[in-house]
Each structure stands twice: as structure tokens, then as C-alpha cells.
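Letter by letter, the chains look like this.
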Amino acid sequence: MGFLIPLNLPTLQLHKFLHMSTSPFPLLTTWVELPKNTDFTIYNLPFGVFQSKKLSPRIGMAIGDQVIDLSILDQEGFFANLFLPEGIFLKDSLNDLIGLGKVKTKKIRERVQQLLLQENEELRTHSIRGKVLIKSKEVEMLLPVKIGDYTDFYSSIEHATNVGKMFRDPENALLPNWRHLPVGYHGRASSIVVSGTPIHRPKGQFKDANMDKPAFGPSRSMDFELELAFITGKSTQLGESIATQEAEDYIFGMVLFNDWSARDIQAWEYVPLGPFLGKNFGSSISAWVVPLEALEPFRLAGPVQEPEVLPYLSCSKAHNFDIQLEVWLQPDGKEASKICTSNFKYMYWNMAQQLAHHTVNGCNVNIGDVMASGTISGPTEDSFGSLLELSWKGTRPLTLDTGESRTFIQDNDTVLMRGYSEKDGIRVGFGEVRGKLLPAT
Ligand code: MN
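Calculation rules
Residues numbered from 1 in each chain as written. Predicted model: local features only at pLDDT ≥ 70, side-chain atom pairs only at ≥ 80, totals over all residues. Heavy atoms only, no water. Domains from an automatic or database assignment. Contact = heavy atoms within 4.5 Å. Buried area = accessible area lost by both parts, 1.4 Å probe. Salt bridge = Lys/Arg side-chain N within 4 Å of Asp/Glu carboxyl O. Helix = DSSP H or I, 4+ residues; strand = E, 2+ residues; numbered from the N terminus. 1 Å grid on protein atoms, 1.4 Å probe; cavity = no way out; pocket = protein on both sides within 12 Å on 5 of 7 lines; lining within 4 Å. Points joined across faces, edges and corners; volume = space filled by probe spheres on them. Nonpolar A, V, L, I, M, F, W, Y, C, P; charged D, E, K, R; others polar.

## A closer look at the domain arrangement of the protein chain
With domains assigned, the protein chain is organised as domain 1 (31-142) and domain 2 (150-438). Computed over C-alpha atoms, the centres of domain 1 and domain 2 are 29 Å apart. At the interface, 25 residues of domain 1 touch 28 residues of domain 2. Across the interface of domain 1 and domain 2, roughly 2,000 Å² is buried in total on both sides, 64% from carbon and sulfur atoms. The largest per-residue losses of area from domain 1 upon contact with domain 2 belong to Asp39, Ile98 and Lys102, which jointly make up 30% of the total buried on that side. Our count for the contact surface shared by domain 1 and domain 2 stands at two salt bridges. Among the salt bridges present, the one from Arg109 reaches Glu293, with a minimum N-O distance of 3.8 Å. Elements with a minimum of two residues in the side of domain 1 that touches domain 2: β1 (47-51), β2 (58-63), α3 (95-99), α4 (102-116) and β5 (140-142).

## Some words on the layout of surface pockets
Each pocket or cavity is described by its volume, and for the largest pocket that value is around 1,000 Å³. Surrounding the largest pocket, 38 residues form its lining, Val163, Phe167, Gln266, Ala267 and Tyr270 being those nearest its centre. Residue assignment for the lining of the largest pocket shows that the elements contributing at least two residues are β6 (150-153), α6 (157-167), β7 (184-186) and α7 (263-269). Among the elements that take part in the lining of the largest pocket, α7 stands out by supplying five residues, more than any other. Here the residues of the lining of the largest pocket sort into 18 nonpolar, nine polar and 11 charged.

Structure below.
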């Protein structure tokens, strides 16, 4: 199939023309100067909560290496047509804003996107511009949502298979239920912290195979889990269920998620009820919540599910997203090494299925609940999303770029995760989730 390219277009427009002829997502340019390869493009516009020495906690959006103070835009009347409740951006969490509903929050993003367009002068030439745009390094990002409940799934078939091979039977790595339902457990919401917050090495009980009784002390096998999490944007009543077809109406946006894990504590305690103190001492999320609609250009179908799932888990459209993921490990005061490259598209169970399964029994959800994917491992050895798998239970130490080796995380190591999507000139990313492991208290 051919199409006619106008011959007299300048290069930039020709580029746009070719793009638009194949993609439903138009290319946009902004007057804001953006660092090269920034995650926070005009297509993204994620929501977050920030404060500074001069400013009380408030809601902003990220663009390049700057933060947009939405409360100032609101006060200056830039959202007048949206009839927002007074002071909606002068909050220390996104919960009330999310509670306005997707129709409103989408319109807020669209309005900001319009204000940032190259050809738009409303904000660019306005005297308030210097107060609206603040350098990111001058603000402190806060936990973006008040989290009522946190659930962690186990939805990567590569991860579940690796763990099954290591701890059970290599021939029957997946337990019989795994392909029939998205396995998950209820985690601890109180200890979820925003990127940049250090975590102390937990203490607890462990009993290695060669020990005749359990011992107590600081964990000796501290690990990360590379995950993404979604934040619910709509509540349900007890007794209600969410169908896969409507699940995305209930998903406001996504963040990077590091599910810190103490493998020795976990291995001893988890039978028969699952993870407890090996996980609940801390989990880290990225500061900017990327709304689901910003990820639309990167939607794709997930792996084929065999055997066919029960009807309440079946999906009529693609619910996976192509999100590239990286984990970096940085010894104290030294350079960081990339130790994992993975992708969210590998997930066997998608977010719509997770939410449908979570609520099929009538369990209610609230605005600001966090539901994490589970470790996102890919098919190759360099795409495994935890040190447990990367070092194969500590038997294959990793060599870092500094020459040091690691099987698990050492005191004062920093773990850094990044995630972004890129396609046809459009980039949308999550920034990073970073956390330093401090020694046990
Ligand atoms: Mn996990």
C-alpha cells in the first residue's frame, strides 16, 4: 500500500507527516527546553507530590528536569474551564485529585500539554512562568499517594519458573495453580517509601539447610525485586467485582516498585502462609505516577496463555505494555553497574486480570491502593529481576564494573531501577526508584 508524500515539506514536517501516516499518536514539540532522552516529555506529564524550603506540599507534574506547580496554574485561572474543587492541588497526596475521576485528570493533563506546546503563548509569555516551572533539584519529592492497601502479585512466568527450579523441582517448576490464576499476597502498606529513602537491613530468624535450629540476626541475603505497580483510581463497594473489560477504568497510573526482600528470612518463614518479615520492612516506589493513558502508544498483547483461562480472567483486548526496565547496583561512593535489563511486556498475567482476580470474590478496593506486578524477569539470564535469580541462589556471583563481585546486596549499596517506553519518536518514562541499603540498626 502506498501513499503520497507532499514534496515541498521542510524536513521536520516531513518527519511528522511520515510519522502520522503510520501512527495514531501525533508528534508534539514544546517550548520547554528538555534534556536529551528525558523520561518526562510532553507526552508523559506524570503527577507527583513535592515540597521545597519555600513551598508547602503540593501537586506537580514533571517536564524534563523541571516540576510544574499545578497549584499556581490553578490560582492563575489556567484550569478555569475544568471547574476543579478549590485547592485541589494544595494537597500532600494525589488521592483527592485521583478521586475526581479519569475524565477530569485526563483534561488536566491535556490542558497542561496544550500550554506547553511550541505554538502556545499563554504560559510561555506569562509573567507567572518563573513560579510555575521549578528546577527538579530544588524540590523534594514526597510519597505520591496515601496507600491504604498493598498487594504483590507473582505474575512473571520466567520468575516463577526460576524460583520453582531453585527451591522445588526443576521438572515441575510451576505449581499446579500458577497458569490458572494470578498468584498474589497481601503486603504491608505502612512501609512503602518514596524513591531516595534509605532502607535498613532487616533482622530476623533464618535457618539454613546446614543449621539444626534457627538463628537470629541481620539478613545475610538481601535482595531487590524489579517490579512495576499500578495505583487504583476508583473505589468499589464490598461485594462488587471488577471485570477485565472495565479494569482499566480503575487503574489510575503506574510507578516503579522495588520489593526489597530478605531471602534467608523469607525462606524460613514463608511456609505455609507466604511472605511476612522477609518483605514487610520496606518497599520503594518512584515519585511520579505515570497515568495509564500516557502509556497508550506502548500497548501490546501479552504472552499466549495456555491452558485457556477461566471466563472471568479472559480479556477482549491487549493489556500489556512495552516498558523497558533496568536495574543498576552502586557500591558506596563508586560507579553504578547495570545488572539487569528486562521488560514489562513479558508479564504472563496482565493488570486487568490481576484486578479482576483480586475482586472476583467481592474484595473492595480503594483509591490509592498499590498492586505490584511481582518480579519482572525476562527469558535471558541478564533479564532476571532479582539477585536471587541473577546469582542463581548465590552460586554465580556477579562481577560489577568496579571489579567487585556480588551475590546479594551489601551494606551501603544503592539499588536503582529505571523504566521507560520509546516508540516512533515518543518517549514516556518513570524516572527512577532509588534506595540505599543501610546497615542493620
Ligand atoms: Mn515481589
